[in-house]
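For reference, the chains in residue letters:
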Amino acid sequence: MLGLSIAQIEIIASAVYKAGLTLPHLQEEMIDHLCCQVEELMDRGMDFEEARNSVLKVTGVKELKKVQENTILLIDKKYRIMKTTMKIFGIASLALVAMGTILKLMHWPLGNYFFILGFPLLGGIFIPSLIWVMKKESKLKEMSLLYITAGIGSMAVVFGIFCKILQMPFTEFLLIAGYLLLGIIFPPLMLASLLKKTAEKRQRLIYFIGTFAFMLCISGDFCKFFHFPGALVLLLLGFFCLTTVFFPMYVMHKYKTDTYIKPNFIFLSIGLFFFSLFTILLAINASKDEIADFVSINTGINSTNTFIKSQNQELVKHLTTIENSCDSTDKTIIQSFRQSSSELKTYLQQLKVDLIMMCDKISKKEAEKVISNPQLLKDKGNREASLELFFPGHNYKTTSELRKKMNAYRKLLLSYSFVSETSKNIINKALEIENASLLNGNEPRESWDSRHFCQIPAIEVLNYLTQLGIWVQTSESAVSEDLLKLKDRGLVADISKNNIVNH
């Protein structure tokens, strides 16, 4: 039998190393096995190159990796368990998240249930098991930091997005930690690992471009989530580098160096497609001025508020006439009604002033000018101010007080016997503030507090506070009109007979 030279054995060994076999004993056995097959073909008349290509065509990269995987499965029970866990929970978690996304987009029920199940499985089970399996298969100690960084970063981003969707605490901390790990620490580690495997200049350039494009996309995602400037530029530039520079160069390189399509190439292509799709969708969303819609709504709300306020001023003039002509008991009821209305409107106005002061870091006098013209608000998209004002110390103190005042005012108005059924319906619909419960029937949802005040753009919070003021004035107007109707019928003195004033 013809023997192979040392150089020829090194060529075959190089093919085994490139296939990704990392178990030392398996490497030696596979090299010996392939050398024997090549020698056998050379005995039949083939030259070395023809024999090597023929053997490697039959025993390709996929088959070699499968041999290693099966070997590990046989000798390592823990690996078998983790590999099975990774496959099962990977499919299940992604399916649940995808279904929850569809239900959310279609505004159908049960969407949050799928997120509550899917995201913890994805971040808590699938990603750790995936990282463990990849580390086990690599057998490279120097890559431990790379896998740890990728695992922790991915888990932080997954749980950060989960918390953001459900308006839970720690969202910012998780997203910042995840994006810092994936955008700053992970790319250099990955690049260093890839550069160790090749000395070819063109391939090294491809790796540099891919890493740079990935960091641009991650930076754009980070800026988009936290509403920092430059998100659109980073996302578009990263998308351009990935799809029109890196990927074509990578494809051409693989076309010239590989004799067949490898699974890794397919996985990279699919992953790059979905990552690019996510990036371009974020870029499209970033290009839209989300604050413009709230500014437009603010204009309409302020117009409505001004109109109702002017109407109420006329009613107040008539109530003043009634108050001066009533006996002391009736006068007390009217004064209590007017005082309660005034105090609640003043409280809502003060909340708006405090919010504007926190947003633009201006004085109270300057903030009062902004209320009359919200277009003057500089930091309209500020989300931290509402969190600081309405959830000081991460508690519900301010929102609880607001809800308490709104409900107390509603109960006071409903306690008046002279209020008509029509007015009662208006008051109930306008002033009833839901509890902080997260349940609505069987469907979990955001609380009233979180939905309107937790990390919401300042202009949107101002809109909602103005809307609350409109509801208060609408209820006030309804009760005032009922009082005026009693006055016209000469029944003003009867309003005190069945009322107990709780001031």
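See the structure above.
Residues numbered from 1 in each chain as written. Predicted model: local features only at pLDDT ≥ 70, side-chain atom pairs only at ≥ 80, totals over all residues. Heavy atoms only, no water.

## A look at the overall build of the protein chain
Just so we agree on the cut-off: In this description a helix means any DSSP run of H or I spanning at least four residues, a strand means any run of E spanning at least two, and both kinds are numbered starting from the N terminus. Contacts are assigned to residue pairs with any non-hydrogen atoms lying within 4.5 Å of each other.
Helices and strands together make up the secondary structure of the protein chain, namely 19 helices and two strands. Here the contacts in the protein chain between residues at least 6 apart in sequence split such that 68% fall between residues at least 24 apart.

## Considerations on the packing of aromatic side chains
So the rule is basically this: Here the aromatic set is Phe, Tyr and Trp, taking the six-membered ring for Trp, and pairing holds for ring centres within 6.5 Å; pairs whose planes are under 30 degrees apart are stacked, those over 60 apart are edge-to-face, and all others are tilted. Each residue is placed in one exposure class: buried if its accessible area under a 1.4 Å probe, protein chains only, is under 20% of its type's maximum, exposed if it is over 50%, and partly exposed if it falls in between.
If you walk through the whole model with that rule in mind, you get nine aromatic pairs. Between Tyr 179 and Phe 222, the aromatic rings sit 6.0 Å apart at their centres with planes inclined by 70°, giving edge-to-face as the arrangement. Taken together, the residues Tyr 179 in helix 8 (residues 171-196) and Phe 222 in helix 9 (residues 201-225) connect sequence positions 43 residues apart. For the pair Tyr 179 and Phe 222, one class covers both residues: buried.

## Considerations on the environment of Phe 226
Tracing the backbone through its elements, the reader meets Phe 226 in the loop between helix 9 and helix 10 (231-257). Taking the C-alpha atoms as reference points, Phe 226 and Leu 175, separated by 51 residues in sequence, lie 9.2 Å from one another. Look past the residues within four positions of Phe 226 in its chain and what remains in contact with it is Glu 172, Leu 175 and Ile 176.

## Looking at the side chain of Glu 476
Which entries qualify depends on this criterion: Within 3.5 Å is the distance limit for a polar contact, defined as a pair of N or O atoms, with the added protein rule that one can donate a hydrogen and the other accept it, and that residues adjacent in sequence qualify only through two side-chain atoms.
Secondary-structure assignment places Glu 476 in helix 19 (residues 458-488). Relative accessible area serves as the criterion here: at 6%, Glu 476 is assigned to the buried category. At 3.1 Å, the side chain of Glu 476 and the side chain of Lys 345 are in polar contact. Not counting the four nearest positions on each side in its chain, Glu 476 is found in contact with Asn 312, Phe 337, Ser 341, Lys 345 and Tyr 409.

## Focus on the packing of helix 8 against helix 9
Rules: Every angle, taken between N-to-C directions, lies between 0 and 180 degrees, and every axis is a line fitted to C-alpha atoms, over only the stretch in contact when it is a helix. Each angle is binned into one of four classes, with values under 35 degrees roughly parallel, values over 145 roughly antiparallel, values of 65 to 115 roughly perpendicular, and all other values oblique. Each residue is assigned to one of three groups, with Ala, Val, Leu, Ile, Met, Phe, Trp, Tyr, Cys and Pro labelled nonpolar, Asp, Glu, Lys and Arg labelled charged, and all others, Gly among them, labelled polar.
Packing of helix 8 against helix 9 leaves a shortest axis separation of 10 Å and a crossing angle of 180°. Classified by the interaxial angle, the pair formed by helix 8 and helix 9 is roughly antiparallel. Side by side, helix 8 and helix 9 meet where Leu 175, Ile 176, Tyr 179, Leu 182, Gly 183, Phe 186, Pro 187, Leu 191, Leu 194 and Leu 195 of the first sit next to Arg 204, Tyr 207, Phe 208, Thr 211, Phe 214, Met 215, Ile 218, Asp 221, Phe 222 and Phe 225 of the second. Grouping the constituent residues of the contact of helix 8 with helix 9 by class yields 16 nonpolar, two polar and two charged.

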